[in-house]
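Close look at the chain arrangement
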Amino acid sequence: RTVVEELKCVVFKMDREGRWRFLSRAWTDITGFSATQSLGKTFTDFVYPEDRGRIMALFTPFIEGSQDSCRHEVRYLTKRGGYRWLECQARLSSLSNGQPDGVIGTLTDITDRKLVELQNHNLILAQECTADGIALVNDLGEFTYVNHAHVRMFGYQDATNLLGKTWHVLYYPDEIARI
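As a starting point, this report considers the structure included with it. Not measured: the values here are computed from a predicted model.

1. Quick notes on the overall build of the chain
Secondary structure summary: the chain contains seven helices and seven strands in total. Secondary structure elements of the chain occur, N-terminal to C-terminal, as α-β-β-α-α-α-β-β-β-α-β-β-α-α. Expected size for 179 residues packed as a compact globule is a radius of gyration near 16 Å; at 25 Å, the chain overshoots this value by more than 25%. For the C-alpha atoms alone, the extent of the chain along its principal axes is close to 80 × 35 × 30 Å. Considering only residue pairs separated by 6 or more positions, the chain has 34% of its internal contacts joining residues 24 or more positions apart. As presented, the chain carries roughly 11,000 Å² of accessible surface, and 53% of it is formed by carbon and sulfur atoms. Distance between charge centroids for the chain: 9 Å, based on 21 positive and 23 negative side chains.

2. Some points on the environment of Gly105
With respect to the element layout, Gly105 can be found in strand β5 (residues 100-109). A C-alpha to C-alpha distance of 25 Å links Gly105 and Glu117, two positions 12 residues apart in sequence. Aside from chain neighbours lying at most four places away, what touches Gly105 is Val10, Val11, Phe12, Gln89 and Ala90.

3. Considering the pairing of strand β2 (residues 20-23)
In terms of strand pairing, strand β1 (residues 10-15) meets β2 through three bridges, oriented antiparallel. Directly across from Phe12, in β2, lies its bridge partner Leu23. Where β1 folds back onto β2 in an antiparallel hairpin, the turn is made up of four residues, including Gly18, whose phi is positive at roughly 85°.

4. Comments concerning the packing of aromatic side chains
Per the counting criterion, the structure on display carries 11 aromatic pairs. A centroid spacing of 5.4 Å and a plane angle of 75° characterise the contact between Phe12 and Trp20, whose relative ring orientation is edge-to-face. With a relative accessible area of 3%, Phe12 lands in the buried category. Seen from their ring centres, Trp167 and Tyr171 are 5.9 Å apart, and the 70° between their planes marks the pair as edge-to-face. Taking relative accessible area as the criterion, Tyr171 reaches 27% and is therefore assigned partly exposed. Cluster of aromatic residues (ring-pair linked, three or more members): Phe12, Trp20, Trp27, Phe33, Phe43, Phe46, Phe59 and Tyr76. The residue whose ring lies beneath Arg75 is Tyr83, and the NZ or CZ to ring-centre distance is 5.3 Å. In this arrangement the basic side chain of Lys114 is found over the ring face of Trp85, its NZ or CZ atom lying 4.4 Å from the centre.

5. A word on helix α4 (residues 52-64)
With 13 residues, α4 ought to run about 18 Å at 1.5 Å a step, and its terminal C-alpha atoms sit 18 Å apart, in line with that. Every buried residue of α4 is listed here: Ile55, Phe59, Pro61, Phe62 and Ile63. Against β1, β3 (69-77), β4 (83-94) and β5 lie the buried residues of α4. Trailing α4 by a residue or two, Gly65 shows a phi angle of about 80°, which is positive.

Basis of the calculations
- Residues numbered from 1 in each chain as written.
- Predicted model: local features only at pLDDT ≥ 70, side-chain atom pairs only at ≥ 80, totals over all residues.
- Heavy atoms only, no water.
- Helix = DSSP H or I, 4+ residues; strand = E, 2+ residues; numbered from the N terminus.
- Rg over C-alpha atoms; globule rule 2.2 N^0.38 Å.
- Contact = heavy atoms within 4.5 Å.
- Areas by Shrake-Rupley, 256 points an atom, 1.4 Å probe, with all protein chains shown as cover.
- Lys, Arg positive; Asp, Glu negative; His and termini not counted.
- Charge placed at Lys NZ, Arg CZ, Asp CG, Glu CD.
- Pairing = 2+ DSSP bridges.
- Phe/Tyr/Trp six-rings, centres within 6.5 Å; stacked < 30°, edge-to-face > 60°.
- Buried < 20%, exposed > 50% of the residue type's maximum accessible area, 1.4 Å probe, protein only.
- Lys NZ or Arg CZ within 6 Å of the ring centre and 35° of its normal.
- Expected span 1.5 Å × (residues − 1).

Listed below in structure tokens is the structure:
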């Protein structure tokens, strides 16, 4: 029990109807809701509203017994009114007679990672929307990224024509020497 309570991820158990039966201390640390406030309520009560349909579609195969494990990312509400991104890793829990009695698993807070992914996505969108040509090269001078404007600027159809090639392919020898 000490190990479970000291983990930074939530260890949980829910019944066949999706009601929380056990939540480790990390639940409160991550969401702000106490176990007392949460036990007996369904997990979907805490799932971000836009994610509920998708999550129920994942939960149903467990209860029907057609799937015994899953891994997915979902937003859970916090007591302060926001949400946290949690990675759920779960498996079917069965009685001694083999009948499913619920789901057990972990919820790991991945909010920081999701924010970095969103920032990277927005940065790529900004790079693709600019009229300026943007290119990244590795230590060998080979293109590892070129935006659409850069591709068009040099008369190519798409980035695959440049990726992996050296920037020298775009310039005459005297320009290469100058650069």
